[in-house]
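Observations on the model geometry
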Amino acid sequence: MKALAILPETQEVLDKDKNHPMHGFAVIYSQQVAWGDMDAFGHVNNVVYYTYAQNARIYYNSQLNLFNENTFSVMAASSCQYFKPVTHPDTLWIGVRVKKIGNASLIHEYTYYSTVLNTIVAKGESVLVYLDKTSGKKKNIDDTKKAAITAFESFN
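Reference entry: report on the structure contained in this document. (Residues numbered from 1 in each chain as written. Predicted model: local features only at pLDDT ≥ 70, side-chain atom pairs only at ≥ 80, totals over all residues. Heavy atoms only, no water.)

The next subject is a nonpolar patch on the surface. Together, Val47, Tyr50 and Tyr82 line one region of the surface with nonpolar side chains, adding up to about 260 Å² of accessible area. Along the polypeptide, Val47 turns up in the loop between β2 (27–32) and α2 (48–63). (Patch = residues over 30% accessible without salt bridge, like charges linked within 9 Å, V, L, I, M, F, W, Y side chains within 5 Å. Areas by Shrake-Rupley, 256 points an atom, 1.4 Å probe, with all protein chains shown as cover. Salt bridge = Lys/Arg side-chain N within 4 Å of Asp/Glu carboxyl O. Helix = DSSP H or I, 4+ residues; strand = E, 2+ residues; numbered from the N terminus.)

Right, here's the structure in full:
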């Protein structure tokens, strides 16, 4: 079965290569590497990966309508491990999945794949906590949204 939120050209590559490292993601976000993402050392600066993860996470959450007028989220923790330097021009495919559903939090994991280098260049993780906009207190993820996330993640 095709993944739900993957560009057709990315899906075509995955369909041809059954051993591709990006198999198993419900979302693969395509991120262009901009010239300005590089630093004085001539590769994408480490902090830019967090922006890339944010873009991919927002895309993932929008696929499931996890945002609404009464809830907002805050980043409680994030990390990234870097394996190979990336330079412009490149396109990163960022696989996003929910590793764990908590009462009021989601742990997302990210895999960054370089289409130029044809390899995984980084992996990351983040903890997102949902809060009530009025009270500012943690807001539990309702069972309907938990079920939607579980169904979304088990697309295969």
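Side chains that differ in charge, positive against negative, can pair when their charged atoms come close. Counted by the stated rule, this structure contains three salt bridges. When the shortest N-O distance is used, the salt bridge between Lys16 and Glu12 registers 3.4 Å. With Lys16 and Glu12 both in helix α1 (residues 8–16) and four residues apart, the pair spans about one turn of that helix. Judged by its relative accessible area of 67%, Lys16 falls in the exposed class. What makes Glu12 partly exposed here is its relative accessible area of 46%. Measuring nitrogen to oxygen at the nearest pair gives 3.5 Å for the salt bridge that ties Glu109 to Arg97. Of this pair, Glu109 sits in strand β5 (residues 105–114) while Arg97 sits in strand β4 (residues 91–101), placing them 12 residues apart in sequence. (Buried < 20%, exposed > 50% of the residue type's maximum accessible area, 1.4 Å probe, protein only.)

Moving on: the sheet that holds strand β1 (residues 5–6). Read from one edge of the open sheet, six strands run β1-β2-β4-β5-β6-β3, paired in mixed fashion. Both edges of this open sheet fall to β1 and β3 (71–82), since each of them pairs with a single strand only. Lying on the sheet, helix α3 (residues 143–153) is in contact with β1, β2, β4 and β5; it crosses β4 at an angle near 130 degrees. (Pairing = 2+ DSSP bridges. Contact = heavy atoms within 4.5 Å. Axes fitted to C-alpha atoms, helices over the stretch in contact; angles between N-to-C directions.)

Attention now moves to the nonpolar core. Grouped together as the largest cluster of nonpolar side chains are 29 residues, with contacts concentrated most on Tyr52, Tyr60, Leu92, Ile94 and Tyr112. At six residues, α2 tops the list of elements feeding residues into this core. Ile6, Ile28, Trp93 and Tyr113 belong to the second-largest nonpolar core, a separate cluster that totals eight residues. (Core = buried A, V, L, I, M, F, W, Y, C linked by side-chain atoms within 4.5 Å.)

A few words now on α1. Turning to α1, its buried residues number three or more, namely Thr10, Gln11 and Leu14. Along the long axis of α1, the arc covered by the buried residues comes to 100 degrees, so they all point the same way. Exposed residues lying more than 90 degrees from the buried face of α1 are Pro8 and Lys16. Elements that come into contact with the buried residues of α1 comprise β1, β2 and β4. (Arc of directions from axis to C-beta.)

This paragraph deals with α3. Owing to its 3.6 residues per turn, the α-helix brings residues three or four apart onto one side. Within α3 the residues assigned to the buried category are Ile149, Phe152 and Glu153. Viewed along the axis of α3, the buried residues span an arc of 95 degrees, placing them on a single side of the element. Seen from the buried face of α3, the exposed residues on the opposite side, beyond 90 degrees, are Asp143, Thr144 and Ala151. In the core, the buried residues of α3 are packed alongside β1, β2, α2, β4 and β5. N-cap assignment for α3: the residue whose side-chain oxygen lies 3.0 Å from the backbone N of Thr144 is Asp142. (Polar contact = N/O pair within 3.5 Å; in protein donor to acceptor, adjacent residues only side chain to side chain.)

For β1 and β2, the ladder comprises two bridges, and the chain directions are parallel. Bridging from a neighbouring strand, Ile6 pairs with Ile28 of β2. The pairing of β2 with β4 spans six bridges and is antiparallel. Directly across from Gln31, in β4, lies its bridge partner Leu92.

Per the counting criterion, the structure on display carries six aromatic pairs. Seen in terms of ring centroids, Tyr49 and Tyr82 are 5.0 Å apart; in terms of plane orientation they differ by 70 degrees. Their pairing is edge-to-face. Highlighted residues: Tyr49 in helix α2 and Tyr82 in strand β3, separated in sequence by 33 residues. Since its relative accessible area comes to 2%, Tyr49 is described here as buried. A ring pair is formed by Tyr49 and Tyr112, whose centres lie 5.2 Å apart and whose planes are at 75 degrees; its orientation type is edge-to-face. Here Tyr112 lies in strand β5 and Tyr49 lies in helix α2, a separation of 63 residues in the sequence. A residue is classified by how much of its surface remains accessible, and Tyr112, at 2% relative accessible area, is buried. Linked through ring pairs, Tyr49, Tyr52, Tyr82 and Tyr112 together constitute an aromatic cluster. Sitting above the plane of the Phe25 ring, Arg97 keeps its charged end 3.8 Å from the centroid. (Phe/Tyr/Trp six-rings, centres within 6.5 Å; stacked < 30°, edge-to-face > 60°. Lys NZ or Arg CZ within 6 Å of the ring centre and 35° of its normal.)

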